[in-house]
Amino acid sequence: MNIAINKIIKKWNLNKYQPIDLNQLKLNVIHGNENEINKANNELEKLKENLESFPKLYCKKNRHSYVITSCYKKRDTGRHSFAGYESIYEITYKCTVCGHCHYSEGSTFSTPSRGYYERKIPIDLYDDKDLQIDGRTYRMTLEEISRLEDYIVYRQKLKKKICELAGHTMTRKSYYKCICCGKTMSFDEYRDYLKDNPITLTRDTFASLPTFEEYQNEEKQKETQANNESSTAKTKKIKYN
């Protein structure tokens, strides 16, 4: 039996053989799914903020890695040497790890060379146990972000699945809009939909909703099958060429 159904049965202190208000069950599944999406989105936003903080922590521990991104000659001093004429430059340095900018002004007998700027995460930052936020290293944070993004996709797809199993739950204004998947219909479209899609709710209606683990396994199987088909196609192409 689906986890959502078990939760509702436990909440209402019912056993699985007692009658349940199936329409209320449907609304609980819909609202519960939406709450999970909102919760995951909030957590994802926080994790992404944490991810941006890691480079700053790294530079605080290991110092910045600056390159010159711009230099502006303000004036000549009139002095010169075998290296050339001396000039005053305003130089901008930018850290390739955290993006921090540092400005300085100084004299030099040669034009400062600009460096190629590219943000890079140092390899030793990924698993540095001294640099953790909320108990996670940089790599662990990346992995959790990936898991949450996959979880949100799963929950979004679950909206469609709920409506396939239990029908749309519509609110009516100048049109009909499903509170679950967001689908909109005119009066005539919704009337025809109800006519063509008669749905009778039962206790087991939601039992076929996949868990997140089942969804992940199904996606992995699809990816494996697609890779196998692609590999087979390439083999055939080489064979006949």
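Everything here concerns the structure above.
In this report, we go over the structure that sits alongside the text. (Residues numbered from 1 in each chain as written. Predicted model: local features only at pLDDT ≥ 70, side-chain atom pairs only at ≥ 80, totals over all residues. Heavy atoms only, no water.)

**Quick notes on the overall build of the protein**
What the protein contains, in helices and strands, is 5 helices and 6 strands. In the protein, the order of α-helices and β-strands from amino to carboxyl end is α-α-β-β-β-α-β-β-β-α-α. Within the protein, the fraction of its 241 residues that count as buried is 29%. Put simply, of all contacts in the protein between residues at least 6 apart along the chain, 57% involve residues at least 24 apart. As displayed, the protein offers around 16,700 Å² of accessible surface, 48% of which is attributable to carbon and sulfur atoms. (Helix = DSSP H or I, 4+ residues; strand = E, 2+ residues; numbered from the N terminus. Buried < 20%, exposed > 50% of the residue type's maximum accessible area, 1.4 Å probe, protein only. Contact = heavy atoms within 4.5 Å. Areas by Shrake-Rupley, 256 points an atom, 1.4 Å probe, with all protein chains shown as cover.)

**A short note on the packing of aromatic side chains**
What describes a pair of aromatic rings is the distance from one ring centre to the other and the angle between the planes of the rings. Counted according to the given criterion, the structure contains 11 aromatic pairs. Measuring from centroid to centroid gives 4.6 Å for tyrosine 176 and tyrosine 190, while their planes differ by 45°, and the two rings are tilted. Of this pair, tyrosine 176 sits in strand 5 (residues 176–178) while tyrosine 190 sits in helix 4 (residues 187–196); the two residues are 14 residues apart in sequence, bridging distant segments of the chain. The pair tyrosine 176 / tyrosine 190 is uniform in exposure class, with both members buried. Among the aromatic residues, those joined into a ring-pair cluster are Tyr151, Tyr154, Phe212 and Tyr215. (Phe/Tyr/Trp six-rings, centres within 6.5 Å; stacked < 30°, edge-to-face > 60°.)

**Comments concerning the environment of proline 122**
Mapped onto the fold, proline 122 is located in the loop between strand 3 (101–108) and helix 3 (138–166). Separated by 67 residues in the primary sequence, proline 122 and proline 55 place their C-alpha atoms 8.7 Å from one another. Apart from residues lying up to four places away in sequence, proline 122 is in contact with Tyr58 and Val97.

**What about the sheet that holds strand 2 (residues 84–95)?**
Pairing in this open sheet of 3 strands is antiparallel, and the strands run 1-2-3 from one edge to the other. Of all the strands in the sheet, the pair left with one neighbour each is strand 1 (66–81) and strand 3. Neighbour-to-neighbour, the strand axes of the sheet open up by a mean angle of 15°, direction not taken into account. Direction of pairing for strand 1 relative to strand 2: antiparallel, over a ladder of 11 bridges. Bridging from a neighbouring strand, lysine 73 pairs with tyrosine 89 of strand 2. (Pairing = 2+ DSSP bridges. Axes fitted to C-alpha atoms, helices over the stretch in contact; angles between N-to-C directions.)

**Here's the deal with the environment of cysteine 178**
As for its placement among the helices and strands, cysteine 178 is situated in strand 5. Counting along the chain gives 11 residues from cysteine 178 to glycine 167, while the straight-line C-alpha distance between them is 9.3 Å.

**With respect to the packing of helix 2 (residues 22–62) against helix 3**
Between helix 2 and helix 3, the shortest axis-to-axis distance is 9 Å and the interhelical angle comes to 160°. Considering their axes alone, helix 2 and helix 3 lie roughly antiparallel with respect to each other. Relative to helix 3, helix 2 is oriented so that their crossing is left-handed. Here the contact of helix 2 with helix 3 is composed, by residue class, of 17 nonpolar, 4 polar and 9 charged. (Parallel < 35°, antiparallel > 145°, perpendicular 65-115°, else oblique. Left-handed = near helix turned anticlockwise from the far one by under 90°. Nonpolar A, V, L, I, M, F, W, Y, C, P; charged D, E, K, R; others polar.)

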